[in-house]
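# Breakdown of the fold
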Amino acid sequence: MREKILTFIEKNSRIDLKELSVILGVDEIAVVNELADMEKENIICGYHTLIDWDKTTVEKVTALIEVRVTPQRGQGFDSIAERIYNYSEVTSVYLISGGFDLLVILEGKSLRDISQFVSDKLSTLESVLSTATHFILKKYKDHGTIMDKKNKDERMLVSP
Amino acid sequence: MRNPLSNTIVNIPPSGIRKFFDIVSEMKDAISLGVGEPDFDTPWHIREEGIYTLEKGKTFYTSNAGLKELKIEISKYLERRCNINYDSNDEVVVTVGGSEAIDIALRAMIDPGDEVIIPQPSYVSYQPCTVLANGVPVIIELQDKNEFRLTKEELINAITPKTKVLVLPFPNNPTGAIMERSDLEEIAEVIIDNDLFVISDEIYSELTYKGDHVSIAELPGMKERTILINGFSKSYAMTGWRLGYACGPKEIIEQMVKIHQFAIMCAPTNSQYAAIEALKNGDDDVAEMRETYNGRRRYLMNAFKEMRLECFEPYGAFYVFPSIKEFNMTSEEFATRFLQEEKVAVVPGTAFGDSGEGFLRISYAYSLENLKLALGRLDKFVTRLREEK
């Protein structure tokens, strides 16, 4: 049952729980309990909203930064990752395979803001060897959602 | 100038749906719950394959019965889904939708005067195609007390010495009814005893929500007397690609290919290549769509329960068939008033046969948001009607 619930709410987090239980064909109390358990167990870590900030007046720039580090003795990458993710402007930190070690996603008000963060706060960290910053120019699809999807129903109104 | 038209065609009544469609088109901002096709786009990997084959210049005729690779995949598909083994060499024909398969099957099997048993309510084409094939349609009026399944007794009562073919349309459009193994076993007995043939329209087979779909052709003694029709329109959301297929005994398929070759040449080449991709890699997409439809189905049934609208629980296709008998008006009156007052289009059950009187076909090939909106209006309308009484 957990998988069914998770698969559904991953794309529809705002659904009414009673409706969810009807759609899945399961008991409502069971759904409520499962959700509570999954939240406690940190399987469900958050319910966020996907926003296209470009369509608002709010200035936002997002950057993908590849970071190479020297892992700490006894702690691997975890403590460096923590030092980076503690910053609120950092939205994501991933340990990745390949040429770099950490992938950091950062949001700022402008290119300058971000560059400043990288040079003042990120590159200066003790274990950071080098960084490579990429600015996101356009988001086509994010978190499984196509940003500019046209939802027009083109089918004939009535068909046999 | 003399009359250019054939009497046969003139005497066939126009589609009941067409009339309604014309009314709905005139209305601005009507929400329609009257579609008979999926709301999903064809899965991207299938579209991609279609685009790729066009780029590669595969724009020529294929052999009449269809691309060899496609027929092999169809045969493999039926083996894994229904455990039936059809020889892709001469027991499969690829057609322009399930629609063409129905037509050529009837034309291949019917001599003037032969009777074709057609259970109703069902898809609008069976009756006209029977008439066009010079057959005589014999209608069985299915009952909602039997969940619109075909019963042994109903079948026996409809058989005469002239009966040759039974059309078996399950999962059913418009009722959403399915026939489970036990139901099929009962009628298979009657079919075999009376030496009849079956045209089994299984286009909605993947959209079955109670166990796995069972084809009558799986049952002992039935494969040799069944033409199994299926396609890609509903399972893979490929309605506009116009691709279907028929499988059956070699002698019948051979004659169907003959008609197909003269009237059509071959099914669209591009669609055939895309269909190969669909059969090879589309099982997951189908399962996902089925799950989504099922969720909507449950949602609708729950909404009807809360509105106290009588409706048997359908386990197939993407239609529900609620009864509006309590309101003492015809299906057409209800549907027309509902459209005019609440701007929601549903199809009156009578568009699918006289036995659809007192019922409506509501399609759930729509997003949940649309369904909610339409159901809200239905609730308002139904409440109003009850107050009027």
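These notes cover the structure that comes with them. Note that this is a predicted model, so its numbers are computed, not measured.

## Focus: the overall build of chain B
Looking only at helices and strands, one finds 13 helices and 12 strands in chain B. The C-alpha atoms of chain B give a radius of gyration of 21 Å, which matches the 21 Å a tight globule of 389 residues would have. Reported as C-alpha extents along the three principal axes, the dimensions of chain B are approximately 65 × 60 × 55 Å. Split into buried and exposed, the 389 residues of chain B put 58% on the buried side. In chain B, once contacts between residues fewer than 6 apart in sequence are set aside, the share between residues at least 24 apart is 76%. For chain B, the exposed area adds up to about 16500 Å²; of that, 48% sits on carbon and sulfur atoms.

## Section: the overall build of chain A
Along its length, chain A carries five helices and six strands. The N-to-C order of helical and strand elements in chain A reads α-α-α-β-α-β-β-α-β-β-β. For 160 residues, the compact-globule estimate of 2.2 N^0.38 gives 15 Å, and the C-alpha radius of gyration of chain A, at 21 Å, exceeds that figure by more than 25%. Projected onto its principal axes, the C-alpha positions of chain A cover 65 × 40 × 30 Å. Residue burial in chain A is summarised as follows: out of 160 residues, 29% are buried.

## Some points on the sheet that holds strand β1 (residues 61-69) of chain A
Residue and element names in this part refer to chain A. A sheet is described by the order of its strands in space; here four strands give the open sequence β2-β3-β1-β4, paired in antiparallel fashion. Bordering the open sheet on either side are β2 (90-95) and β4 (128-135), each of which pairs with just one other strand. Taken pair by pair, the neighbouring strands of this sheet meet at an average axis angle of 20 degrees, ignoring direction. As judged from the seven bridges shared by β1 and strand β3 (residues 102-108), these two strands associate in the antiparallel manner. Bridge pairing in β3 links V67 to L102. Strands in contact with helix α4 (residues 78-85) are β1, β2 and β3; relative to β2, the strand with the most contacts, it is inclined by about 165 degrees.

## Description of the side chain of D114 of chain B
Residue and element names in this part refer to chain B. Topologically, D114 is positioned in the loop between α5 (97-109) and β3 (115-120). Despite its burial, D114 pairs with no opposite charge; the closest candidate is K164, at 4.1 Å N-O. In terms of polar contacts, D114 uses its side chain to reach the backbone amide nitrogen of D111, at 2.8 Å. With sequence-adjacent residues up to four places away left out, D114 is seen in contact with M109, G135, V136, K162 and K164.

## Let's talk about the pattern of salt bridges
Oppositely charged side chains are able to pair whenever their charged atoms sit close together. Residues and elements named next belong to chain B. In the structure shown here, the tally under the stated rule is 29 salt bridges over all chains. Residues E206 and R290 are paired through a salt bridge, measuring 2.8 Å at the closest nitrogen-oxygen approach. Here E206, found in the loop between β6 (197-201) and β7 (226-231), pairs with R290, found in helix α11 (residues 283-307); they are 84 residues apart in sequence, far enough to count as distant. Note on E206: relative accessible area 4%, which makes it buried. Taking the shortest distance from any N to any O, the salt bridge between E341 and R384 comes out at 2.8 Å. Here R384 lies in helix α13 (residues 368-388) and E341 lies in helix α12 (residues 331-342), a separation of 43 residues in the sequence. With relative accessibility at 34%, the residue E341 sits in the partly exposed group. When salt bridges that share partners are traced, they join R337, E341, E342, K380, R384 and E388 into one network.

## A closer look at the packing of aromatic side chains
Any two aromatic rings considered together are summarised by their centre-to-centre distance and by the angle between their planes. Taken as a whole and assessed by the stated rule, the structure comprises 18 aromatic pairs over all chains. Ring pairing ties together the aromatic residues F40, Y204, Y293, F318, Y319 and Y364 of chain B, which thus form one cluster. Here the guanidinium or amino end of K60 of chain A rests over the ring plane of W53 of chain A, the centre of that ring lying 4.5 Å away. Between the NZ or CZ atom of R155 of chain A and the centre of the ring of Y366 of chain B, over which it lies, the distance is 4.8 Å.

## Points about the interface of chain B and chain A
Across the boundary between the two partners, chain B contributes 26 residues, which contact 13 residues of chain A. Here chain B and chain A share an interface that buries about 1700 Å² over both sides, 60% of which is from carbon and sulfur atoms. Counting across the interface, chain B meets chain A through two salt bridges. K18 of chain A is the partner of E306 of chain B in a salt bridge, and the nearest nitrogen-oxygen pair spans 3.1 Å. Of all elements in the fold, only α2 (16-26), α11 and α13 of chain B reach the threshold of two or more residues within the side of chain B that touches chain A. A total of five residues in the side of chain B that touches chain A trace back to one element, the largest contributor, which is α11 of chain B. Classifying every residue of the side of chain B that touches chain A gives 13 nonpolar, seven polar and six charged.

## Quick word on α2 of chain B
Residue and element names in this part refer to chain B. Restricting attention to buried positions, one finds in α2 the residues I17, F20, F21 and V24. Buried residues of α2, seen end-on, are gathered within an arc of 105 degrees and therefore sit on one face of the element. Contacts from the buried residues of α2 go to α12, β10 (344-345) and β11 (347-348).

## Description of a negative patch on the surface
All names here are of chain B. Together, E153, E185, E186, E189 and D193 make up a region of like negative charge exposed at the surface. By the element assignment, D193 lies in helix α8 (residues 181-193). Looking at D193, the relative accessible area reads 63%, which means it is exposed.

## Remarks on the sheet that holds β6 of chain B
Residue and element names in this part refer to chain B. Spatially, the seven strands line up as an open sheet ordered β2-β8-β7-β6-β5-β3-β4, and their pairing is mixed. Bordering the open sheet on either side are β2 (92-95) and β4 (136-141), each of which pairs with just one other strand. Adjacent strand axes in the sheet meet at a mean angle of 20 degrees, parallel and antiparallel pairs treated alike. Examined bridge by bridge, β7 and strand β8 (residues 244-247) share four bridges and lie antiparallel to one another. Across the sheet, N230 pairs through a bridge with Y245, a residue of β8.

## Thoughts on the nonpolar core
Residue and element names in this part refer to chain B. One finds F304, F334 and L378 to be the most contacted residues of the largest nonpolar core, which totals 64 residues. In contact with F334, other than residues within four places in its own chain, are I324, F327, M329, L360, L378, F381, V382 and L385. Counting 29 residues, the second-largest nonpolar core is a separate cluster that includes L67, V94, M238 and Y245.

Criteria and cut-off values
Along each chain, residues carry numbers from 1 onward, in the same order as the chain's sequence is written. For naming, the first written chain is A and the first written ligand is 1, with later ones following in the order written. In keeping with the predicted nature of the model, local features appear solely for residues at pLDDT of at least 70, side-chain atom pairs appear and are counted solely at 80 or more, and the whole-chain, interface and lining totals rest on all residues. Side-chain measures here rest on the full set of heavy atoms in the structure, leaving out hydrogens and waters. Helix and strand assignments follow DSSP, with helices taken as H or I runs no shorter than four residues and strands as E runs no shorter than two, numbered in order from the N terminus. For the radius of gyration, the atom set is restricted to C-alpha positions; the globular benchmark scales as 2.2 Å times the number of residues to the power 0.38. Throughout, exposure labels follow a simple rule: accessible area from a 1.4 Å probe, protein chains only, divided by the maximum for the residue type, with under 20% read as buried, over 50% as exposed, and the rest as partly exposed. It only takes one pair of heavy atoms within 4.5 Å for two residues to be counted as in contact. The Shrake-Rupley method, run with a 1.4 Å probe, gives the accessible areas here. Residue values count only the displayed protein chains as cover. Paired strands, in this sense, are two strands between which DSSP finds at least two bridges. Throughout, an axis means a line fitted to C-alpha atoms (over the contacting stretch in the case of helices), and angles, computed between N-to-C directions, take values from 0 to 180 degrees. Charge counting follows a simple rule: Lys and Arg are positive, Asp and Glu are negative, and His as well as the terminal groups are ignored. Each reported salt bridge corresponds to a side-chain nitrogen of Lys or Arg within 4 Å of a carboxyl oxygen of Asp or Glu. Polar contact is defined as a pair of N or O atoms within 3.5 Å, subject to the rule that within protein one atom must be able to donate a hydrogen and the other to accept it, and that residues adjacent in sequence are counted only when both atoms are side-chain atoms. Between 30 and 60 degrees the pair is tilted, below 30 it is stacked and above 60 it is edge-to-face, where a pair is any two Phe, Tyr or Trp rings, Trp via its six-membered ring, whose centres lie within 6.5 Å. Consider the ring centre and the ring normal. A charge sits over the ring if Lys NZ or Arg CZ is within 6 Å of that centre and within 35 degrees of that normal. The term buried area refers to how much accessible surface (probe radius 1.4 Å) is lost by two components on association, counted for both of them together. All residues other than Ala, Val, Leu, Ile, Met, Phe, Trp, Tyr, Cys, Pro, Asp, Glu, Lys and Arg, Gly among them, are scored as polar; the first ten of these are nonpolar and the last four charged. The directions from the helix axis to the C-beta atoms are what the arc is built from. Nonpolar side chains (Val, Leu, Ile, Met, Phe, Trp, Tyr) within 5 Å and like charges within 9 Å form the patches, drawn only from residues with over 30% relative accessible area and no salt bridge. Where a charge lies is defined by one atom per residue type: Lys uses NZ, Arg uses CZ, Asp uses CG and Glu uses CD. To qualify as a nonpolar core, a set must consist of buried Ala, Val, Leu, Ile, Met, Phe, Trp, Tyr and Cys residues joined through side-chain atoms within 4.5 Å.

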